[in-house]
Structure formats: structure tokens, C-alpha cells
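Structure assessment
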6 protein chains.
Amino acid sequence: MSQKIRLGIPKGSLQDATIALFERAGWRIYANGRSYFPTIDDPEIECMLIRAQEMARYVDHGVLDTGLTGIDWVIESGLDVESVTSLVYSKQSRKGVRWVLAVPEDSPYQRAEDLSGKIIATELVEVTKRYFAQKNVPVKVEFSWGATEVKPPTLADAIVEVTETGSSLRANRLRIIETVLESETRLIANRTAYKDEWKKQKIDSLALMLKGAIAAQGQVGLMLNVSKENLPTVLSVLPALNSPTISELSDSKWVAVNTILEESVVRDVIPRLKAAQATGIVEYPLNKVVL
Amino acid sequence: MSQKIRLGIPKGSLQDATIALFERAGWRIYANGRSYFPTIDDPEIECMLIRAQEMARYVDHGVLDTGLTGIDWVIESGLDVESVTSLVYSKQSRKGVRWVLAVPEDSPYQRAEDLSGKIIATELVEVTKRYFAQKNVPVKVEFSWGATEVKPPTLADAIVEVTETGSSLRANRLRIIETVLESETRLIANRTAYKDEWKKQKIDSLALMLKGAIAAQGQVGLMLNVSKENLPTVLSVLPALNSPTISELSDSKWVAVNTILEESVVRDVIPRLKAAQATGIVEYPLNKVVL
Amino acid sequence: MSQKIRLGIPKGSLQDATIALFERAGWRIYANGRSYFPTIDDPEIECMLIRAQEMARYVDHGVLDTGLTGIDWVIESGLDVESVTSLVYSKQSRKGVRWVLAVPEDSPYQRAEDLSGKIIATELVEVTKRYFAQKNVPVKVEFSWGATEVKPPTLADAIVEVTETGSSLRANRLRIIETVLESETRLIANRTAYKDEWKKQKIDSLALMLKGAIAAQGQVGLMLNVSKENLPTVLSVLPALNSPTISELSDSKWVAVNTILEESVVRDVIPRLKAAQATGIVEYPLNKVVL
Amino acid sequence: MSQKIRLGIPKGSLQDATIALFERAGWRIYANGRSYFPTIDDPEIECMLIRAQEMARYVDHGVLDTGLTGIDWVIESGLDVESVTSLVYSKQSRKGVRWVLAVPEDSPYQRAEDLSGKIIATELVEVTKRYFAQKNVPVKVEFSWGATEVKPPTLADAIVEVTETGSSLRANRLRIIETVLESETRLIANRTAYKDEWKKQKIDSLALMLKGAIAAQGQVGLMLNVSKENLPTVLSVLPALNSPTISELSDSKWVAVNTILEESVVRDVIPRLKAAQATGIVEYPLNKVVL
Amino acid sequence: MSQKIRLGIPKGSLQDATIALFERAGWRIYANGRSYFPTIDDPEIECMLIRAQEMARYVDHGVLDTGLTGIDWVIESGLDVESVTSLVYSKQSRKGVRWVLAVPEDSPYQRAEDLSGKIIATELVEVTKRYFAQKNVPVKVEFSWGATEVKPPTLADAIVEVTETGSSLRANRLRIIETVLESETRLIANRTAYKDEWKKQKIDSLALMLKGAIAAQGQVGLMLNVSKENLPTVLSVLPALNSPTISELSDSKWVAVNTILEESVVRDVIPRLKAAQATGIVEYPLNKVVL
Amino acid sequence: MSQKIRLGIPKGSLQDATIALFERAGWRIYANGRSYFPTIDDPEIECMLIRAQEMARYVDHGVLDTGLTGIDWVIESGLDVESVTSLVYSKQSRKGVRWVLAVPEDSPYQRAEDLSGKIIATELVEVTKRYFAQKNVPVKVEFSWGATEVKPPTLADAIVEVTETGSSLRANRLRIIETVLESETRLIANRTAYKDEWKKQKIDSLALMLKGAIAAQGQVGLMLNVSKENLPTVLSVLPALNSPTISELSDSKWVAVNTILEESVVRDVIPRLKAAQATGIVEYPLNKVVL
């Protein structure tokens, strides 16, 4: 029988983004309605939809060889799994999310220490307990089934909640006072599976392609022509990060420059390239970037 | 300041049905997008959306005076709250839901006792633990964040899951072996609040009207004319439950009969009424029924 | 084993309206996604979704005992089935639909006879062939897979197409020249099944309740009070069709009048009742009417 | 040729509610996609969709005989049309809307007089100009094409804007300082048309039925049985507004009581009726109420 | 007058995919709501929406010069048209669809020969009749108006139905026993029109561009830099199919490699290119590929 | 404090297209539900949603430094603002829109002069008044709140209305007789702000990138290989507009050609390139083009 890895895809809010990421990376995953066993166009992989909160549990048990989940839920689980690579692919933001301690805007609390004896509502119960225990602050941590941010001040005194931009907290008139945990998506693996040579290579290829697809999303290709005379000025305008490919043209006084840029700097770079006499400036989209 | 009761509405799958029920009962609740504090057209009530799982907790703490939730989550919480009345208003089914112990279709398990040493996945952890403890069957109960029915046999050996018709379990090739808990929606109240005379009266009126609206959903009004001669036959066809209202007509040989019927029997009753010479048979809808 | 009738529900454009009609008549049919075997809350009935065009075929073969379909497709099939009752329940229109012969607006054709030797596109091939054959007009009838009304003049010279209001034909610049067949929905039954006493009674009850629900859609209840003095004038205003129920009131100078009216005449009747000194005029909705 | 009235239906936010109101009143209006000439099932009426702001203009010109619009736009137009009846049918609120003068929450303005020399943005330019002119306060009134409530303080100093509950203004941190105009929906008519006897009768019947349908929305029917002994208590519980219909029953010790109630009081009345020994209390919906 | 070709676009399930394909090929087709004559941004083409089943008929008659349809419907029609090129553009699958003979899972039938005297339901009546006639197996072939796969065993003994993956057949508990016909989308042309030089050139250009767009969907561009030393290893990793473009860089020890790859192999190739010391590996999307 | 420009985004029908254009140009604008102050990922810009009709007013007042709007509304306002660049980005059409004078299809009017004394309905009141005044044709211009094209002949004799293709006018049976104003989208700026050096540079960069993104939408990249022998033929096929980039290949008999083409000519060019012996012809998409 042919070898296979069993891969956990996070069910829920990250599911569609994850499937889209795999498609860009080169794998098509078909989620068939209510089935939790999506098909994938690679005979060496078997997929399963698992809640992010439970991913570490099943990777640890060895039911899954590898899976995507947030490092927050890995830590919450207290389990020992291999962290293969970080994968930050949320469209909204390039930054990881964080779990913060938040209190009512108009409350007097300024630090964790001010919450002694209070009720803290959160989905991340274990991490929160450890956080307050390390500070020797006794609190009552209550598991919250959702809508945590509307609980203070009626149903809880403070919360530990996940946020990217803080806007949902502000909308609920909450004030962030401390960061409890920074998180991000990770590809994790079962420690035993990752020692198997074939599985390790397969998981590493997966990681390479997923990172290549993520890198491509924030980058673009830029081509331009420039006379050799103006080449130094043009090169000085381009970010130093990746060295551009410079090729000879039939007209020997000119060269073609082809490079990869962060999409976010293009709006500043193009006006300066034009000022540096570059011509035929063309930006084109990329599918994958592996430098 | 005027008196008020604080009322918890279950957030999530029951939310729309609950708001519709209140509208039929005589209260309009406006859920404003993402707000958890819907407005209600009764100055004596303040609403809050709360997950069914957490309702008992906050009614017990006295943050809420009353609320709707499943008796399953009340029992799971282990808290002591007043159960005012049962409210079964799911459109799909008149019967309550139940939590069942289910195993893979082709597994050998026939009774709870066969699961000694196995992993049981469930959202209802405490009830499940007590259930197996009473039977002296040692099992490992794991909290499931959702999609419990797809876990056997890979991720768990058996599950305790909620079901109405069993169809989702069957679709996942699971077999029900025991019923762990029967549940239904309840109006619960804080014990202290329910001792306050004004609050008790308000909560009881609420219960009366909600039950009146629920009763009306499964019943219809039926009017017909019949000659006094044929009246006994007509009455014998009508279910004995509620005595019909019989009024005199101007034409003294005839009477009008007006009654309330279970909607589900109408399709059998009308053909027999017609056979019994009733004329002008008219079925009309009801908003509320308080017998 | 308990007795059952097998019932065909028309799949497609009439499906939702049919299921809604059965609900008003007292039967809930649950169409589960893609399944062609909807469940029904009556253990004496088994449902199957069948295209209207094929209903007569399967009722004739005896695979179904009864079914709803258009009389047009019954005639097209050329098969011999029992026509139990007509059921006109389209919301848009109380009138039956009809198949018409239509030609391009600016063509010279005025009668079927003008189309000798031409191409006629239609979904109703057999009826159309017979129609022209009876008139001794030789034409080429081509089966049309849909979008028949856009075919003239490029793809056909004329069409035989179904229409309610003619608006789709006009929008395609077609002119109706003759009516080929008037149609309407029918409850049909297999001749052998309809001779079985139990099945006949079940099918007849079904017909009675479906007609009762249809009748209720176009009718409303009207209640009013009037002094005995003004009663004759009030009665003269009410349509003579159904005799109203007149009941004695406690105040012996007044009577209450309760009647059923076509909804479409209410807007004319109420102003005249008010002019006739009726008071407390109340119109209420009906679920079923069996006179 | 038969007589007709031409009727203007307000295009836009009121359109669906208006068509629904006409349906309840007894007229079906079919708005066909993009057409501005909906069909209506009454050969004596021709419909046209017209913006509420332009209704008075076209009724005044005589292009329309009658139409529905807000009294605010009638006054804004400065034209002389007949006001046949008021029609308040918004589901959200029974109260009319009003145009208010609003300023930034944290601005110093307390009265219209404080706005001398300032810019006022509004869609209701003429009414606003007259309002300030009457107070001898010179301001610059600018026509606003929409989104008026976001203009202060950047784009205007104050606004005159329509509001029902004030919530949109509060959400934009505006403070209401004066009410400029209270409005409500009206059926208006061309003065000349309204002098034509046939047209007047048609328009009046329309008004009667529209009001009957509106009245029915906020009211319900209530039936109950009560012993003659308890009748006085029951009657004392019922609102005095409309005298209930009391009919004799076959059992001469009991009577049936049938009445019309404001829906909003039912939730208070039913518990008291039950306390007064009424039995078989049934609430049913109404289509129209013409008392 | 300028020359034109008349082009048939398949109406229905393939319509949106066809319009999208033409857009990628360089032609924008605007389907205006219900019109069957979409506009196209090429004055030399006139479009018409035609059901795939009827395409061959109208191309054969000469009403259309060319059109897209399945080869199955061409064969079913029995007509003689030019097959210009095959066009496989379904997103779901690169493989053509096929018509299969399927029987109930638990029936005894293993071959077409086992169905002697049975009822076969199908939309492809003529092909099916010929198929059984060639095998000298007498069967009754009934035209199915849809939902063919639910007919066995109640309404038919076997079916001939179209399938890509067989999943719908399996879901209906059917077993495939033979393949009756393999199909795929074709660009067909009227034989006379295809002999006209101008029309032939136009149709051939259309075919070239459609195929170029289809080819691009499954392929991507890949650019990388590599030292001349490592070039042979890199080239050995690339599929031999298309020779890559190798260009000189300013730094004469390095070359740039630019090539076209099947998208499905990229996930295997990139890890090996990286192992072969390639740098700056970039994958970019393609619109059209004409090799 | 850092410098900023205030930018007006047109609210309404152009809003989504504008935000999409900015995204392609390199700026992400987040429109948060009902807020009129979308956020943008550039700390040097502040956005505000403003109706196109009011843009010139607020740019003129200096509340905004720059904004996008139609030149028609700039002219209608009569205000003096800087026109930085034209931006034609509607997907439907590359051509600007125009305001036309239209009359009923079957009316006798042929020229503006024929409308003396008539009523003209329009949203563009001032431009229309000036247009007729210049021709010395006295007309009554009435402001239309929308649905202008359905007003003739009942509510107006003629209209001045905006159109791209004329299809909405034809659908309403109107005939265009004159063009009153041609329009297009413009980036406008406040004259004072545009004299500030920093603001001018920022606005000009914005204009450059927006135009680069617009240019890319209608263009594509084309790569091919060709032997030096065939290069002249290939070059003669390519449009002369932009000189292609020709680079040396390792195989010195061949060159690679890379160029930018109007997407609309590709379907004609590729067949001719293939005829000219070009190989490996690849079309790829572009994000931005700055020549």
C-alpha cells in the first residue's frame, strides 16, 4: 500500500482561507457539504476537518500526522507537538493575532494585579490561569462559550480575548490593559511521524509550498527597461532585499530589470523609478515565490 | 425607578425561533445586528442574548432574573434554579430532544458497560461523567468543540450527542445504544427573584402568554353550521378534549358550532363532519389559545 | 402491513407551490435536499417527486396510485388515467394556463392553415401533431428543449407554447393566433387503484382537503353586527352564494352576521355594508373552506 | 370607455410596504422588475411609481388623480392638493416621523437662534428656509444629496434631517435641538379630480379599505366563554373602546364574548381574563377592521 | 455589408463556463438577462444561446455557422456536421464525461445482455437504442425528462446517464456496468460554411484562441535564476515537454530560466529546483498559451 | 504632526469600483458598513465618502484636498477646481458616459429647438438650463429625483439623462436627439492644496498609480521566442505603439520577445504571430503599466 500522511484542516472561520491557501500552493481540496473528510487531489494525503482547538490533541495522539492550527490552542492544550513552520495567511492582516486582557473602558483597572478576586471570562482558560498564577494574582477564570466581549461589566469583570485590530473590543467599550499571548497559525506535526523520513519530506514540501504561496500574496513582479547609464539610479531605488535579475537586450545600451517587490512599497517605488528614467514599467501578479 | 426583570434569550440556533415566539406571545424584540442587548417593547423587561450553555450560570448568579434554555444545560451546570415552565416550540418537532450514547454502526458495543476504558467525546461532559459513574463504568470523557458525530471511530470510541430524529447520527454511520438525558426548553428563574411578588407575577404572565402562543401553533379554530337534528353526530366526530361553543342561530332549527382542534387531526375530522351533514365548515388560524 | 397510497408530487416549477398547498391542506412534506423521496407526516402516504411530463406514465403503469400534474401532459401522453379533481392553485392566476399557436408579430400568418409546410417548435409534440392533423395542415413539428419562444423566426416558423398572460410571448414579439389546448392542474389516479375502496377513500379525502385549502385562499371570513332593523339591507349587500350565519346577541335588538366572501369582492362590499349601518365589520383569514 | 383613476405609488423605501398594504386592503399590485407602471387587479385604477418627493407635483399638475406620499414633501413642494386621509403603516413604528434640527453632540448650539450665519445641510430646503426665516435667523441652507447625518461638523454646522427614533443621529454623535416638522404618510388627491363624483367615491373607498387594513394590523380578535355570573368582571377587564359582541349559547348559563383589541394590550388583558374565570380564550388574527 | 459568422453558445449548465472561457480567449459576451441573443464585442460574430441538445440541428440546417456542444448530442442527432476541435474546459475535471449503463447496486445485472426485455430510462434515446440494437438485446428505451438516476428500480430497470465521477450514481445506489459513449465539448461547424475561406479562417482563429485559453488554465509560468554550473541539474528537473527559455544575465556566471509548466506538477518540481540550487523561483499566472 | 491629504471617494454606484481601483493601484480602503469615513492603509491619506454630486462643492470649499467625481457634476456645480487627470475605469465600457436630450420614440421632436415651451426633466438642471439658453430655446427645466427615463410623455415632454449605451433609453421607448454633455471620471483637487508642494506630489503619485492600474486592466503581457531570421516578421505583426523588449538567449540563433499589448487586439495578433513562426507564445496578466 502506498504511503500517506493524515492532515488536519482547521474547521470553521479559517477553513475557507486554508482551502484557498492550499489551492494557491498547488493542492485542490474539495469540501463536500457536511462531510468532515474533504477529498484532496494528492493520493499521498488524507484530509480531515478538525476544530483548531482540538488539532493539537489529535496530532499528539497520532491520529493526525500534521495539521494547521493556532499556536495559542497548542499552548492551551499543554501538549508536546513539533512546530514545523509558521503560516500567516489571513488576508486582513499580516500580523499575528493576540490574546489580550481587557476591562471596561471606564473601570479603574490598569494592570492584571488590579483584578485580584475578580471574574475573568475567556475561551482560553488554561493559559489565562497560568498567566495570573505566575503573577500570583488570585482570580476566578470562567469558560466563555462565545460573545466574550459583551460580558463585562455585567457577566464578568474582565476578559481574555483574541483580537487583531482591537476594533471589536473598542466597539464594546473595552480597554486593553495587557497582552497575554501572541499567536499565529502554525503547521504542526506529530513528533513520531516527523521522524519518519518519507513523512518528514512530504510535510516539509507541504511547508515549502504553503510558504511560497503566502509569500506570493504580499509580493508582485516588476519588469522595466533602463539604459545602462541610468541603471545605478534605478537599482538604488529598488529595495535591497532581493537582487534583481538583469538581462541583456539586443540593443546593447539597454538592460531589462526583473525583480520581486513587497506589494505595499510599489506605490512609492514606481513614481521614483519613473523619475529615474525607467521605461516600460510593468507590475505583474505572482502565484508563488521561493527565494 | 420602575421595576424591571432581566430576561436571557438564548443566542444561536434557537435565537430566531425564540424571538418569533415572543412576537406571537405579544412582545417585539429587536435584535440590532451584533448587539447582545436587544430592545423589547416592554419597559418592564431588559433583554440579553446569552448562550444556552451559560444561561443557568447567570440566572443562578442573579445577573438575570429569568431566561430560556434547555434543561440539559441546566443539569450540566449543576446549579439550583427555579424551573417555571416547559416551552416546546421547535417547528420541526413537538417532541423534546435527547442526548444519546452512540457508537459506530459496525462496532460490537451494545451497552454503556461495553465501553469500559474507552474515549467518549461530548459537549455535555459533566452529565456524561455522572452517567457512566452511576453505572461504575470507567471511561475517558473528552470535551468536544463541535462536529462530535464525525469523531468515531478515528477520534473517539463513542459519543454522547444531542439528536431529534437521529438522522444526522445515521448519516455518520452511528448507532444509538442508550438515552443519556431527555431535554426540552424551559423558562427558568432565579430563586430569589421568583420570591419577589412583582417579579413572580411578571414572570408567570410571560409564561402564560408564551404557552398560549405555543398552544396556538398546533391548533386551529373550526366553525360550522348544523341542524339540531344532526348535532349529536357532529359532536361525536369532534375530539372530546375541549367542549365546543354552540350558539343559537336566527333560524331556530340550526346551531353554529365553534371549536378548537389540533391541526394534525383536521384532515381526518373534516371529511367526517361533511359526512355528518355539517355545512359551511371553515377552519381559521389562531394566534393564542388559553383554555 | 398497513395500507399506503403512493403519491407523485410534480418536480420543478410547481414543486414549492404544491408542498405549500399540502401544508395548508394539513400534510407536511419535507423535501430533503436532492432526495426524490420526500417524507410526509402521514404513515398512509409515500411521496415521490416526478416531473409533470412523466406523471401520467407512472400513474398509468401503477407505480404511483395518484399524483398531481397538468391535464396537458396527461393528454400528450395519450394514456388512460382517472381524473379525480381539478386543482387550480397558482398564486399568480386563478385561471388555467393554455397552449397557444404563436407566430412572429410581423409575419403574415393568421390561422393554423397558413402554416402549411412550415416548422413548428414545441414541447408538446403529440398534441400539436394531432391538432394540425385534424385540420389537414401538413407541418413539421420539432421537439424543443426549451426557450421555445425565442425560436421564431430564425429557428422555427411558429411555436406551440404554454402561457398564462401572454406577456413572455409579447416580449419576444410573437402574436397568438390560436389556442391549441387549455390546461389546469389535476389530481389523477390509477384506474385500478381507484377501484380499491380504501385507496379511493384516501384519495378522495386528499382531494377534499386540497380543494378546501385552495378555496380558503381566495376567500375570507366577515363578521359584523347590525340592528335587526337594518338586517335586510345588509343581507342584500352580501353576495347570495353562501347563506350567512346569523346569531342572536344578548342585546335582542341586534344580531351578529358571520359569512364567507370571495376576497376579491370585499373591497366593494365593505363600503356598502358600512353605508348600510353595519358596525364592527371585521375581516379575518381562513385556512380551509368546505361548504 | 370606462372610468379610471390614476394612482401614484411611492417609489423607493416605502414601495414594498405600500404594495403589501394594498394587498391587505384588497388590491394586488404587480411591480414587474424595472417597470414604473405596475399592474393592479382593478380595471378602474392605473398605477405609477413616483418618488415621494415628486408626488405632490404630479398630483397638482393633474397627471395623477391621487397618490401616497409624506406630508413633509407636500409642504416642501408648496403646492395645493387635497389631503384625503392619513395612513400610518410603517411596521417599525406607529408614530409619524419628524424632521429635526440637529447639531454635533459637543457643539455649543442649543437653539435655532444660535446658528446665525452657519451652513445647514438638508434635503428639505424650502421648509428649512421658511423655518429659519420665521425666526429671523440668517443661515445658508445647502441641498444635501444624501448621508446628511455624517456632514456635521466637517461639511455643515447643523442639519435638518428626518428621524423616527433618533438612533441614526445619535450614532453619528448629533444632538437634536428642535423639531422643524412632524410628518406622516397621506393619501392626497388632485383638487379637481376630487370634485368629480365618481372619482371621489373611488378614492374614498380606497381610503376606507386602506385604513381598515392598517387598523387590522395593530388589532386582534378575542373570543372567550364565560358564565353569566362572571360576565361583569370579564367586561370590566376589557378596554371600554369597542363594545364586545355577546352571544347566547345553547347552555343558557354561559355566553360567548367576541371582541377586537389592540394587540399591544393583549399580553396584559389575557392573564386578567383568566383570573376572571373566562375559559376557552382564543386570540385570532384580523385582515381588516372597520368599526 | 461586413461578413459575420453566427455562433451558438450552449444555454444552461455550460453557459457561464462558456462565457468565461470566451472572456479568457479575448471575447466579451454580455448575456442580458432573459435575452437569447447576447452581444459580443466583435462585429464579425453574432451570438445565440441554444440548448446543447439542439446545437447540431441548427448548425446542420445552416442557421448557425458554428457552435459549442457535446459530441454526445451531435451523435444523438445523427446529423453530419464538421468537428473543428475539442474543447475540454470544465473546471471540475480535465477528463471528458461519459454516458454509462447503470443498474441498481443490488440487482443481478452484470452486462447489457442481462437487460433483455427491461425498461431503460435515458435522455439519450437514439444512442441507447443503437447501442442495444448492435448487441441484439431487445429493451424498451423510455425518454427521461430528468432525475434519471432516481428511477431505478421503481420507475426503470436500468438507465443510461451522463457522469463525470460517478458520485451521483453511487449516491443513488446505482452500479455502472458499461460505458455507452464517451463525450467532450466540441466546436462544430456547418460543412458549407466551413468551406467558405473567410468563415473558415474566422472559425479557426476562434478555435486557436479558445484552445490557448484552455491550455493556460492548467499551466503556469516559472522563472528562476541559476548559476551556469547548476544549470544542467535544474534542466533535468524540469519536464522535458517544452524547452525552457534561457537568457543571459549581466552577471555572466548566471542565467535566467523561464518556462511553462503543468500546474499540477509544480508542487513536486519546486522542492527539487530548490534542492538543485535554483534561486529566486517565481511562479506566475498565464492567460493564454500557444506553443 | 505628519502631513495628510483629505480624499473624497464617490459614494454610491461608483463606490465599489473606486475601492477596487485603489486596491489595484496599491491602496486598501476598508469601508466599514455604514461609516462614511473608510480607513485606508496609508497614514498620509484620510478618506471620506461623498456623493459624486457634492464632490466639487467640498473640494472647492477646501474641506477635501482631492476627490474623484464626474466632470458633469463639476460643471453642474459651476465651481472652480483643479482637474488633475481623467480616470476611466468603468468595467462595462472604456468610453465616457454622456448626457443626452431624449424624447419619446414616436414624438415629432427632432432638435432641441422643437421643444420650445416644453417641460424637460433632468437631474442636471443647471447644465440643461445653460444648454437651452445658449440656443435661445425657452423651456421649463424640472429637477427629477430619479427614474427620469420613465417620465416622458406623461410627466415630461423630454429629458436630459445620462447614458452609456442608450439601452435603458431604448427600453423606455425614448429617442436620443442631441448630446448635451460628454462626461468621464476625474481626479480633481482644491486649487490651493494643489499649490502646496507636498500635497501636489502626493496627489500626482496617486494619479500616476491610478492611471497605471487602469492601463493594466486593458493590457496584457506577451512573451514569445523567435529565431533571429523570423524576428522582423514577428515585429511587423506587433502594434508599433510600445517597442518590445528583445533579449538574447543562450542559443544565439533565437531571441525572446516580451511586450505589452491592448487586450482587445490579442485575439487578432496571436494567430498572425503563430503564422510568423513564433513559438512558446504566452500571454500573462498585468497589475500596473507605466510606460
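Residues numbered from 1 in each chain as written. Chains lettered and ligands numbered in written order. Predicted model: local features only at pLDDT ≥ 70, side-chain atom pairs only at ≥ 80, totals over all residues. Heavy atoms only, no water.

Under an unreviewed UniProt entry, chain A has the name ATP phosphoribosyltransferase and belongs to Paracidobacterium acidisoli. A UniProt comment under Pathway (unreviewed entry) is attached to chain A, and it reads "Amino-acid biosynthesis; L-histidine biosynthesis; L-histidine from 5-phospho-alpha-D-ribose 1-diphosphate: step 1/9." Word for word, the UniProt comment on chain A under Sequence similarities (unreviewed entry) is "Belongs to the ATP phosphoribosyltransferase family. Long subfamily." (UniProt positions renumbered as here; feature names shortened; annotations may be inferred.)

A look at the overall build of chain A
Assigned secondary structure in chain A consists of eight helices and 17 strands. Its C-alpha atoms give chain A a radius of gyration of 24 Å, clearly above 19 Å, the size a compact globule of 291 residues would have. Each principal axis of the C-alpha atoms in chain A carries an extent, and together these give about 75 × 60 × 35 Å. When burial is assessed residue by residue, chain A has 55% of its 291 residues classed as buried. When contacts within chain A are restricted to residue pairs at least 6 apart in sequence, long-range pairs at least 24 apart make up 70% of them. Of the side chains in chain A, 35 bear a positive and 37 a negative charge, and the two mean positions are spaced by 1 Å. (Helix = DSSP H or I, 4+ residues; strand = E, 2+ residues; numbered from the N terminus. Rg over C-alpha atoms; globule rule 2.2 N^0.38 Å. Buried < 20%, exposed > 50% of the residue type's maximum accessible area, 1.4 Å probe, protein only. Contact = heavy atoms within 4.5 Å. Lys, Arg positive; Asp, Glu negative; His and termini not counted. Charge placed at Lys NZ, Arg CZ, Asp CG, Glu CD.)

So, the packing of aromatic side chains
For the coordinates displayed, the defined rule picks out 39 aromatic pairs over all chains. Aromatic side chains Trp73(B) and Trp99(B) sit 5.8 Å apart centroid to centroid with 90° between the ring planes, which places their arrangement in the edge-to-face category. Linking Trp73(B) in helix α3 (residues 71-77) with Trp99(B) in strand β7 (residues 98-104), this pair joins segments that are 26 residues apart in sequence. No difference in accessibility class separates Trp73(B) from Trp99(B), as the two residues are buried. With 6.2 Å between their ring centres and 75° between their planes, Tyr284(C) and Tyr284(D) make a pair best called edge-to-face. Of this pair, Tyr284(C) sits in strand β16 (residues 279-285) while Tyr284(D) is found in strand β16 (residues 279-285), placing the two residues in two different chains. Residues Tyr284(C) and Tyr284(D) agree in their burial class; the two are buried. (Phe/Tyr/Trp six-rings, centres within 6.5 Å; stacked < 30°, edge-to-face > 60°.)

Observations regarding the sheet that holds strand β15 (residues 254-262) of chain D
Read across the sheet, five strands follow the order β17(B)-β16(D)-β13(D)-β15(D)-β14(D) without closing on themselves; strand pairing throughout is antiparallel. Each edge of the open sheet carries a strand with a single partner, namely β17 (288-290) of chain B together with β14 (245-248) of chain D. In this sheet, neighbouring strand axes are inclined to one another by 15° on average, regardless of whether the strands run parallel or antiparallel. When β14(D) meets β15(D), the two strands line up antiparallel, connected through four bridges. In the sheet register, Thr245(D) faces β15(D), and the bridge partner there is Asn258(D). (Pairing = 2+ DSSP bridges. Axes fitted to C-alpha atoms, helices over the stretch in contact; angles between N-to-C directions.)

Points about the sheet that holds strand β11 (residues 174-182) of chain E
All names here are of chain E. Overall, mixed pairing links the five strands, which are arranged β9-β8-β10-β7-β11 in an open sheet. In this open sheet, the two strands that pair with only one neighbour each are β9 (140-143) and β11. The mean angle between the axes of side-by-side strands here comes to 30°, regardless of whether they run parallel or antiparallel. Relative to strand β10 (residues 158-163), strand β7 (residues 98-104) runs antiparallel, the two sharing five bridges. Bridging from a neighbouring strand, Leu 101 pairs with Val 160 of β10. Set on the sheet, helix α4 (residues 125-134) makes contact with β7, β8 (119-122), β9, β10 and β11; between it and β11 the angle comes to about 95°.

Some words on the interface of chain E and chain A
The figure often quoted for interface size is the accessible area lost as the parts come together. With 21 residues of chain E in contact, the opposing surface of chain A contributes 25 residues. Taken as a group, Ser250(E), Arg267(E) and Glu283(E) account for 32% of the area that chain E buries against chain A, more than any other trio of residues on that side. Scanning the region where chain E abuts chain A turns up three salt bridges. In this structure, Glu283(E) and Lys288(A) form a salt bridge, with 2.4 Å as the shortest nitrogen-oxygen distance. Our enumeration of links across chain E and chain A arrives at seven residue pairs in polar contact (both at pLDDT 80 or more). Residue assignment for the side of chain E that touches chain A shows that the elements contributing at least two residues are β13 (219-227), α8 (263-275) and β16 (279-285) of chain E. (Buried area = accessible area lost by both parts, 1.4 Å probe. Salt bridge = Lys/Arg side-chain N within 4 Å of Asp/Glu carboxyl O. Polar contact = N/O pair within 3.5 Å; in protein donor to acceptor, adjacent residues only side chain to side chain.)

Section: the domain arrangement of chain A
Residues and elements named next belong to chain A. Domain annotation of chain A identifies domain 1 (5-91 + 185-216), domain 2 (97-183) and domain 3 (219-285). A C-alpha centroid distance of 29 Å is found between domain 1 and domain 2. Taken residue by residue, the interface counts eight residues in domain 1 and eleven residues in domain 2. Across the domain 1 to domain 2 interface the summed buried area is about 750 Å²; carbon plus sulfur atoms make up 51%. (Domains from an automatic or database assignment.)

Side note on the arrangement of the chains
When C-alpha atoms are compared, chain A and chain D, though not in contact, are closest at a spacing of 12 Å. The least C-alpha distance between chain D and chain E, which are not in contact, is 12 Å.

Considering the interface of chain F and chain A
Every contact between the two is made by 25 residues of chain F and, on the other side, 21 residues of chain A. For the pair chain F and chain A, the two sides together bury roughly 2000 Å², of which 53% comes from carbon and sulfur. The tally of links from chain F across to chain A stands at three salt bridges. The residue Asp42(F) makes a salt bridge to Arg267(A) at a minimum N-O spacing of 3.8 Å. Counting every contact that joins chain F to chain A gives eight residue pairs in polar contact (both at pLDDT 80 or more). Looking at the side of chain F that touches chain A, the elements with two or more residues in it are α6 (197-217), β14 (245-248), β15 (254-262), β16 (279-285) and β17 (288-290) of chain F. The greatest single-element share of the side of chain F that touches chain A, amounting to four residues, is contributed by β14(F).

With respect to helix α1 (residues 15-25) of chain B
Residue and element names in this part refer to chain B. Looking only at α1, the buried set comprises Gln 15, Thr 18, Ile 19, Leu 21, Phe 22 and Ala 25. Across the axial projection of α1, the buried residues extend over an arc of 155°, all falling on one side. Following α1 by one or two positions, Gly 26 has its phi on the positive side, about 120°. (Arc of directions from axis to C-beta.)

Examining the relation of the copies chain F and chain A
Two chain copies here: they are related by a rotation about an axis and a translation along the same axis. The operation relating chain F to chain A is a screw motion whose rotation component is 120°, with 0.0 Å of axial translation and a residual RMSD of 0.1 Å. Taken together, the rotation and translation relating the two chain copies correspond to the operation of a three-fold axis. Closest to the rotation axis within chain F is the C-alpha of Glu248(F), separated from it by 3.7 Å. Comparing interface residues between copies, only 12% of those in chain F also lie at the interface in chain A; the contact surfaces differ. (Least-squares fit on C-alpha atoms with pLDDT ≥ 70 in both.)

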